[in-house]
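Structural overview for review
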Amino acid sequence: MSQSTFLVIGATGKTGRRIVQRLQAQGEAVRAVSRGSAPAFDWEQPEHWLPALSGIEVAYISYYPDLAAPGSQEAIAELIRQAKTAGVRKLVLLSGRGEQNAERCEQLVRDSGLAFTLIRASWFYQNFSEGHLLESVNSGLVALPAGEVREPFVDVDDIADVAVAAMRDDRHNGELYEVTGPRLLTFHEAVAEIAAVTGKPLQYVPITLAQFHAGLTASVDAPTADLLTSLCEEVFDGRNEALADGVGRALGRPPLDFGAFCRDRAAAGVWRATAAPAVNP
Ligand SMILES: NC(=O)c1ccc[n+]([C@@H]2O[C@H](COP(=O)([O-])OP(=O)(O)OC[C@H]3O[C@@H](n4cnc5c(N)ncnc54)[C@H](OP(=O)(O)O)[C@@H]3O)[C@@H](O)[C@H]2O)c1
């Protein structure tokens, strides 16, 4: 196995992929892992984690499915134990804003005795363009149990920039960076901005948690439907209705704006209309 300084867990995901690209562009030796890599890294198989951790100095951790999920604390505790055995010096953890279980995982990293940086992110812009909402956007209807709550959506490119800075520079050690975009937006407003750049009909419909859960059971397994519903219940109560300065503090520049993201993604053609919108979610 080649010598790598940096480990990226979740390397094919929205954050991991961008972090690997940035580190490689800066000439760093990166071990990019997920279930299909060699060595492989599967959160369900802790007995096979050591080869991924061996020889690594700094590890970026993107947990799957979500730090709010049952079992995340046990997994992070075990990862810390194995990272210490393997001689890893520093951990950079991607966390979720307003999630109690995620904050417990952050505390495990704080208490690990290793150097660390915590990146606590709000909802990603890219959920609309490469995540679970892409299909909804393309169908013309985004239905969520989010009412008119305002989210401080954040660009994954900002998260990747903060993560890479934290991985490469020890001045970020011990920091908690709460990363948000520069504007609070309701889902109505976010979806209207996407519609404005695509010129295609797109509606946001607030639904109840029960309707959301029922809709999910058609497409995902029961534990995933439960997890996504409880996540929405936890974070869409207004607790995240505030901007944070993590991007500015970490990078010395303002966060990227949602409008620029919309224009860029529309120009790239990611939002193309598919089926006519179903009015009843
Ligand atoms: N989306 C948001 O708005 C948001 C906001 C705040 C925080 N977060 C956090 O972001 C994290 C997700 O990060 P992301 O968006 O970068 O990832 P993502 O785009 O959802 O991709 C998931 C990554 O996890 C890997 N993966 C899936 N199942 C796995 C398993 N059993 N074991 C190991 N790896 C597995 C996937 O790779 P393979 O399929 O190749 O294995 C992929 O690299 C979660 O922890 C979530 O809490 C998300």
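Residues numbered from 1 in each chain as written. Predicted model: local features only at pLDDT ≥ 70, side-chain atom pairs only at ≥ 80, totals over all residues. Heavy atoms only, no water.

A tally of helices and strands in the chain yields 11 helices and 10 strands. A compact globule built from 281 residues should have a C-alpha radius of gyration of about 19 Å, and the chain, at 19 Å, falls within 12% of that. Dimensions of the chain, computed from the C-alpha atoms along their principal axes, are close to 55 × 40 × 35 Å. Counting only residues that meet the buried cut, the chain has 50% of its 281 residues in that class. Residue pairs in contact within the chain that sit at least 24 positions apart in sequence constitute 79% of those at least 6 positions apart. Working note: accessible area of the chain is about 12,300 Å², and carbon and sulfur atoms make up 51% of it. (Helix = DSSP H or I, 4+ residues; strand = E, 2+ residues; numbered from the N terminus. Rg over C-alpha atoms; globule rule 2.2 N^0.38 Å. Buried < 20%, exposed > 50% of the residue type's maximum accessible area, 1.4 Å probe, protein only. Contact = heavy atoms within 4.5 Å. Areas by Shrake-Rupley, 256 points an atom, 1.4 Å probe, with all protein chains shown as cover.)

Here we take up the site of the ligand. Surveying the vicinity of the ligand reveals 25 residues, the closest of which are Thr12, Lys14, Thr15, Arg35 and Tyr63. The separation between an oxygen atom of the ligand and a polar side-chain atom of Thr15 is 2.7 Å. Within the side chain of Arg35, one N or O atom sits 2.7 Å away from an oxygen atom of the ligand. Burial of the ligand by the protein chains amounts to 85% of its free accessible area of 920 Å². Counting residues per element, the ones that place at least two in the shell around the ligand are α1 (14-25) and β4 (90-96). The element contributing the most residues to the shell around the ligand is β4, with 3 residues. (Near = heavy atom within 4 Å. Polar contact = N/O pair within 3.5 Å; in protein donor to acceptor, adjacent residues only side chain to side chain.)

When the UniProt feature table is mapped to this numbering, "domain: NAD(P)-binding" (unreviewed entry) covers residues 10-169. End C-alpha atoms of residues 10-169 are separated by 21 Å, and the span's content is 38% helix alongside 18% strand. (UniProt positions renumbered as here; feature names shortened; annotations may be inferred.)

For the pair helix α7 (residues 187-198) and helix α11 (residues 258-268), the least separation of the axes is 9 Å and the interaxial angle reads 40 degrees. Viewed along their axes, α7 and α11 adopt a mutual orientation that is oblique. Handedness of the crossing formed by α7 with α11: right-handed. Residue-level contacts link Ala190, Glu193, Ile194, Val197 and Thr198 of α7 to Phe258, Gly259, Cys262, Arg263 and Ala266 of α11. A per-class count over the contact of α7 with α11 returns 6 nonpolar, 2 polar and 2 charged. (Axes fitted to C-alpha atoms, helices over the stretch in contact; angles between N-to-C directions. Parallel < 35°, antiparallel > 145°, perpendicular 65-115°, else oblique. Left-handed = near helix turned anticlockwise from the far one by under 90°. Nonpolar A, V, L, I, M, F, W, Y, C, P; charged D, E, K, R; others polar.)

The next subject is the pairing of strand β2 (residues 30-33). Pairing of strand β1 (residues 6-9) with β2 involves 4 bridges; the strand directions are parallel. What sits directly across from Ile9, in β2, is Val33. Considered for its hand, the β-α-β crossover made up of β1, α1 and β2 is right-handed. (Pairing = 2+ DSSP bridges. Right-handed = clockwise from strand over helix to strand, strands pointing away.)

This part takes up the nonpolar core. Core analysis: the largest hydrophobic core is formed by 33 residues, its most contacted members being Phe128, Leu144, Phe187 and Phe258. Among the elements that take part in this core, α7 stands out by supplying 5 residues, more than any other. Beyond its immediate sequence surroundings of up to four residues, Phe128 is in contact with Leu133, Leu134, Val137, Phe153, Phe187, Ala190, Val191, Ile194, Phe258 and Trp271. (Core = buried A, V, L, I, M, F, W, Y, C linked by side-chain atoms within 4.5 Å.)

This part is about the state of the cysteines. Applying the stated criterion across every chain yields a total of 0 disulfides. In this model Cys262 remains outside any disulfide bridge; the closest cysteine sulfur is found in Cys232, 20 Å from its own. (Disulfide = S-S within 2.5 Å.)

Moving on, we get to the packing of aromatic side chains. How two aromatic rings sit relative to each other is given by the distance of their centres and the angle of their planes. Going through the model one piece at a time under the given rule, you end up with 18 aromatic pairs. Between Phe258 and Phe261, the aromatic rings sit 5.5 Å apart at their centres with planes inclined by 35 degrees, giving tilted as the arrangement. Taken together, the residues span about one helical turn, with Phe258 and Phe261 both in helix α11 at a distance of 3 residues. Just as Phe258 is buried, Phe261 falls in that class too. Between Phe261 and Trp271, the ring centres sit 5.9 Å apart and the planes meet at 80 degrees, which makes this aromatic pair edge-to-face. Highlighted residues: Phe261 in helix α11 and Trp271 in the segment after α11, separated in sequence by 10 residues. According to the relative accessible area criterion, Trp271 is buried, its value standing at 5%. One aromatic cluster is present, formed by Trp123, Tyr125, Phe128, Phe153, Phe187, Tyr204, Phe236, Phe258, Phe261 and Trp271 through successive ring pairs. (Phe/Tyr/Trp six-rings, centres within 6.5 Å; stacked < 30°, edge-to-face > 60°.)

The next thing to look at is α7. Over its 12 residues, α7 runs 16 Å from end to end, which matches the ideal 16 Å to within 8%, given 1.5 Å per residue. Within the span of α7, buried status applies to Phe187, Ala190, Val191, Ile194 and Ala195. An end-on view of α7 places all buried positions within 135 degrees of arc, on one side of the element. In the stretch just after α7, Gly199 is the one whose phi turns positive, near 70 degrees. (Expected span 1.5 Å × (residues − 1). Arc of directions from axis to C-beta.)

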